[in-house]
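Coordinate inspection notes
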Amino acid sequence: MKRYLFYVYIVGNYTGTLYIGVTNNLQRRLSQHTFSTFKDSFTSRYRIKRLLYFEEFNDIRVAIGREKQIKRWSRVKKLDLIRTKNPSFEDLRG
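Residues numbered from 1 in each chain as written. Predicted model: local features only at pLDDT ≥ 70, side-chain atom pairs only at ≥ 80, totals over all residues. Heavy atoms only, no water.

1. Focus: the side chain of Asn-86
Short version of the rule: Comment: elements are numbered from the N terminus, with helices defined as DSSP H or I runs of at least four residues and strands as E runs of at least two. Burial status follows relative accessibility: with a 1.4 Å probe on protein chains alone, a residue under 20% of its type maximum counts as buried, one over 50% as exposed, and anything between as partly exposed. Nitrogen and oxygen atoms within 3.5 Å of one another constitute a polar contact, given that in protein one can donate a hydrogen and the other can accept it, and given that sequence-neighbouring residues count only through two side-chain atoms. The contact rule is simple, with two residues in contact once any of their heavy atoms fall within 4.5 Å.
Position of Asn-86 among the secondary structure elements: in the segment after α4 (75-85). A relative accessible area of 4% means that Asn-86 is categorised as buried. At a separation of 2.7 Å, a polar atom in the side chain of Asn-86 contacts the main-chain carbonyl oxygen of Glu-90. Aside from chain neighbours lying at most four places away, what touches Asn-86 is Leu-51, Leu-52 and Leu-92.

If you want it as structure tokens, here you go:
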């Protein structure tokens, strides 16, 4: 039986705008953000391309719940979450 992973991720731009999303293929989704695949999207308009944070889940329902939880947080709390794994706010893709 194939094991599926789901990801909640936070991407940002150099001016500090953040986007929180959920996906089953983080590499593909980041490529879509990087190359602005969806031209009218929020991430395309604000040039949000840098992976700042992600978490892995085995259950899509849990991942969606976590995404919704993080989206409700204040900006300060989101930035604190990013700092737990990425204190220098580097693009985690290298």
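2. What about the pairing of strand β2 (residues 18-23)?
Quick reminder of the rule: Any two strands between which DSSP finds at least two bridges are classified as paired.
Sheet topology note: the strand β1 (residues 6-12)/β2 ladder contains six bridges and is antiparallel. Within β2, the residue paired with Val-8 across the bridge is Val-22.

3. Some thoughts on the sheet that holds strand β3 (residues 50-57)
Counted only if it meets this: Angles shown run from 0 to 180 degrees and are taken between the N-to-C directions of axes, each axis being a line fitted to C-alpha atoms and, for helices, limited to the stretch in contact.
As summarised here, the arrangement of the three strands in space is β2-β1-β3, forming an open sheet in which the pairing is antiparallel. Of all the strands in the sheet, the pair left with one neighbour each is β2 and β3. Strand after strand, the sheet turns through a mean of 15 degrees between neighbouring axes, direction not considered. In this fold helix α1 (residues 26-34) packs onto β1, β2 and β3, with an angle of close to 25 degrees to the strand it touches most, β1. Along the sheet, helix α3 (residues 60-72) contacts β1, β2 and β3; its crossing angle with β2, the most-contacted strand, is approximately 170 degrees.

4. Examining the pattern of salt bridges
Here the idea is simple: oppositely charged side chains can pair when their charged atoms come close. Formally: The salt bridge definition used is simple: a Lys or Arg side-chain nitrogen within 4 Å of an Asp or Glu carboxyl oxygen.
Applying the stated rule across the entire model yields five salt bridges. We note a salt bridge from Lys-71 to Glu-67, for which the minimum N-O separation is 3.2 Å. With a gap of four residues between them, Lys-71 and Glu-67 both fall in helix α3, about one helical turn apart. For Glu-67, a relative accessible area of 11% corresponds to the buried category. A salt bridge links Asp-91 to Arg-93; the shortest N-O distance between them is 3.3 Å.

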